[in-house]
Amino acid sequence: MSIIDDDLQLRRMLDSLLRAEGHVVRLYGSTAEYAAYPRAAAPACLLLDIQLSGENGLDFQEALCARGDNTPVVLMTGHGDIPMTVRAMRAGAIDFLPKPFEAEQLLAAVARALEVDRRQMADAAEVAEIAVRYGQLSTREREVMALVVAGLMNKQIAARLGISEVTVKIHRGQVMRKMAAPSFADLVRMAEQLGVRDPNIGRYSGT
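Remember, predicted model here, so these are calculated numbers, not experimental data.

A. Just the sheet that holds strand E1 (residues 2-4), in detail. Read from one edge of the open sheet, five strands run E2-E1-E3-E6-E7, paired in parallel fashion. A strand with exactly one partner marks an edge of an open sheet, and here the two such strands are strand E2 (26-28) and strand E7 (95-98). For this sheet, the mean angle separating the axes of adjacent strands, direction not counted, is 15 degrees. The strands touched by helix H1 (residues 8-20) are E1, E2, strand E3 (46-49) and strand E6 (73-77); relative to E1, the strand with the most contacts, the crossing angle is about 165 degrees. Its contacts with the sheet place helix H4 (residues 82-90) against E6 and E7, and it is angled at close to 150 degrees to E7.

The following block contains the structure:
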């Protein structure tokens, strides 16, 4: 986990507290120092001070979100207010801790953040595995899958693709097997995770 705070004494205090709980900690005095290092491969979180020297922690949090960095953030500040809290939460902050805060508050926020990151990493690994399976489908199988998960019946798929219903059934079976989908609902979920389900196609859409 990482800590960005321009107060050296506070960084060292937080470092000691978190290491005592078994966490691996990296300390940074600025957002530039943090940005120079790659993201940890293990579940992580970022403790981020809002009032940094010449910087705004909220701006940095929003910049992380904009570039697709979904590391869970716990914000800290000695001068918080309601609009600041709302802005932080809208940007996805796990918690907003006003200084001074109790050690228990910090540790609870860190635990929540790390659990969020564990789930995110597990979801990403699952999607990566599904993408590998999807890559094993033929072009025709992908076409059939897209229409199947859109809710079209075999007869409609056959008419749309100019093939027989028997051929559709064969491709459909191959899709289920290659995607390792136990059920139709699982196949739909996989398609949504991959972003290959077209909401504009439906059984009654006339397409």
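The structure having been displayed, the exposition proceeds.
B. Region of interest: the pattern of salt bridges. In the structure shown here, the tally under the stated rule is 13 salt bridges. The salt bridge involving Asp15 is made with Arg19; its shortest N-O contact spans 2.6 Å. One end of the pair is Asp15 and the other is Arg19, both in helix H1 and four residues apart, which spans about a single turn. Given the relative accessible area of 43%, Arg19 is considered partly exposed. Across the pair Arg133 and Glu129 runs a salt bridge, and its minimum N-O distance is 3.5 Å. Of the two residues, Arg133 and Glu129 are both situated in helix H5 (residues 103-135); the distance of four residues between them amounts to about one turn of the helix. A residue is classified by how much of its surface remains accessible, and Glu129, at 40% relative accessible area, is partly exposed. Through salt bridges with shared partners, one network takes in Asp5, Asp49 and Lys99.

Each value, and the rule that gives it
Residues numbered from 1 in each chain as written. Predicted model: local features only at pLDDT ≥ 70, side-chain atom pairs only at ≥ 80, totals over all residues. Heavy atoms only, no water. Pairing = 2+ DSSP bridges. Helix = DSSP H or I, 4+ residues; strand = E, 2+ residues; numbered from the N terminus. Axes fitted to C-alpha atoms, helices over the stretch in contact; angles between N-to-C directions. Contact = heavy atoms within 4.5 Å. Salt bridge = Lys/Arg side-chain N within 4 Å of Asp/Glu carboxyl O. Buried < 20%, exposed > 50% of the residue type's maximum accessible area, 1.4 Å probe, protein only.

Honestly, it's all geometry; don't read function into it.
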